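# Secondary and tertiary structure notes
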Amino acid sequence: MAQGSTSVTSEFVKKDSDFLLYINESAIPENFLIFRWVFKTDTNMISFLRGGDTEVTDSHSERIEFSKENHSVKLKRLQEADSGDYIARVFTPNKELTLVTYSIIVQEPVSPADLTVDHVSSSSHSCILTVTCSTGDSHISSNFTCDTRTCYQEGGEKPKVTASGAVLHLQLANQSIICNHSNQVSYEKTPRNIRDLCPNHADPTDGVSICQVKMAVFSVGLIIMVSAVITVHIMEKIKKQK
């Protein structure tokens, strides 16, 4: 059985992508006889011999690329069945050592989720939306209440983990309701503009608010008043000079 300290690195890899198995050369003993990459503890992929020769198993000959200089191996076009531990082992005259383990999980990219509005209750001042975000194996729903200027999500954001291990997430952002579908290797979002669902809802950046109108009227009035005072003062000064 292999002995020695070992580091374990967990990695998520997108399906059909490549991944590099790297080993720090300083970790390999100078008196090594064989350095080997192993899949799932018992499947030899490639062996680097001390004299410089290599031995690649037939099952991996078309699926890996390797470097004799640094003993690294590139795993090509990974599939979900390739998930598992990839272990670097070295054999010396005295013992067998495990140097590093890569624990790889291969995931398929997520697809865009469907965002549907199941119910709309509206009035001249507000509307209540029931929105569902769904994929092939799961769904999540939430209620949104919007008035003419603001919206809020009842109960807040509550992400849900799907049967496939991905995450569904409904949220409010930038005047849109957004359905996020993600896993560790990919991300998709499906937005719907709130104004398309609630016609009475206005973007806070659109138009002029009542407060802004009041401020403008007050400013104009103040300017007129100050101008009148200055004019009267000047006229009186001119009369005195005459």
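Note: the structure precedes this text.
Heads up: these notes are all about the structure in this document. Since the structure is predicted, the reported quantities are computational estimates derived from the model, not experimental observations.

Here we come to the pattern of salt bridges. Following the criterion strictly, the structure yields 4 salt bridges and no others. In this structure, Arg89 engages Glu96 in a salt bridge whose closest nitrogen and oxygen atoms are separated by 3.8 Å. A single burial state applies to Arg89 and to Glu96, both of which are buried. If you follow the salt bridges from partner to partner, you end up with Glu65, Lys74 and Lys76 in one network.

Turning to the environment of Val90, a few remarks are in order. You can see Val90 is positioned in strand E8 (residues 84-91). By relative accessible area, Val90 is classed as buried at 0%. Separated by 43 residues in sequence, Val90 and Ser47 have C-alpha atoms that sit 9.4 Å apart.

For the rest of this paragraph, the subject is the environment of Leu129. Turning to its location among the elements, Leu129 is positioned in strand E11 (residues 126-134). In this structure, the C-alpha to C-alpha distance between Leu129 and His119, residues 10 residues apart in sequence, is 5.7 Å. Aside from chain neighbours lying at most four places away, what touches Leu129 is Val117, His119, Val120, Ser142, Asn143, Phe144, Ile177, Leu197 and Cys198.

This part covers the side chain of Ser186. Along the chain, Ser186 falls in the loop between strand E16 (176-182) and strand E17 (187-193). Using a relative accessible area of 13% as the deciding quantity, one classes Ser186 as buried. For Ser186, the side chain forms a polar contact with the main-chain nitrogen of Val110, separated by 2.8 Å. Here the side chain of Ser186 touches Asn183 through a polar contact of 2.9 Å, side chain to side chain. Not counting chain neighbours up to four residues away, the residues in contact with Ser186 comprise Pro109, Val110 and His181.

A few words on the sheet that holds strand E10 (residues 114-122). Within the open sheet, the 4 strands sit side by side as E10-E11-E12-E13. Their pairing is antiparallel. With one partner strand each, in any of the chains shown, E10 and strand E13 (151-153) form the two edges of the open sheet. Averaged over all adjacent pairs, the angle separating strand axes in this sheet is 25°, with direction ignored. Judged from the 8 bridges that link them, E10 and E11 form a sheet pairing that is antiparallel. Among the inter-strand pairings, Ser121 is bridged to a residue of E11, identified as Ile128.

Parameters at a glance
- Residues numbered from 1 in each chain as written.
- Predicted model: local features only at pLDDT ≥ 70, side-chain atom pairs only at ≥ 80, totals over all residues.
- Heavy atoms only, no water.
- Salt bridge = Lys/Arg side-chain N within 4 Å of Asp/Glu carboxyl O.
- Buried < 20%, exposed > 50% of the residue type's maximum accessible area, 1.4 Å probe, protein only.
- Helix = DSSP H or I, 4+ residues; strand = E, 2+ residues; numbered from the N terminus.
- Contact = heavy atoms within 4.5 Å.
- Polar contact = N/O pair within 3.5 Å; in protein donor to acceptor, adjacent residues only side chain to side chain.
- Pairing = 2+ DSSP bridges.
- Axes fitted to C-alpha atoms, helices over the stretch in contact; angles between N-to-C directions.

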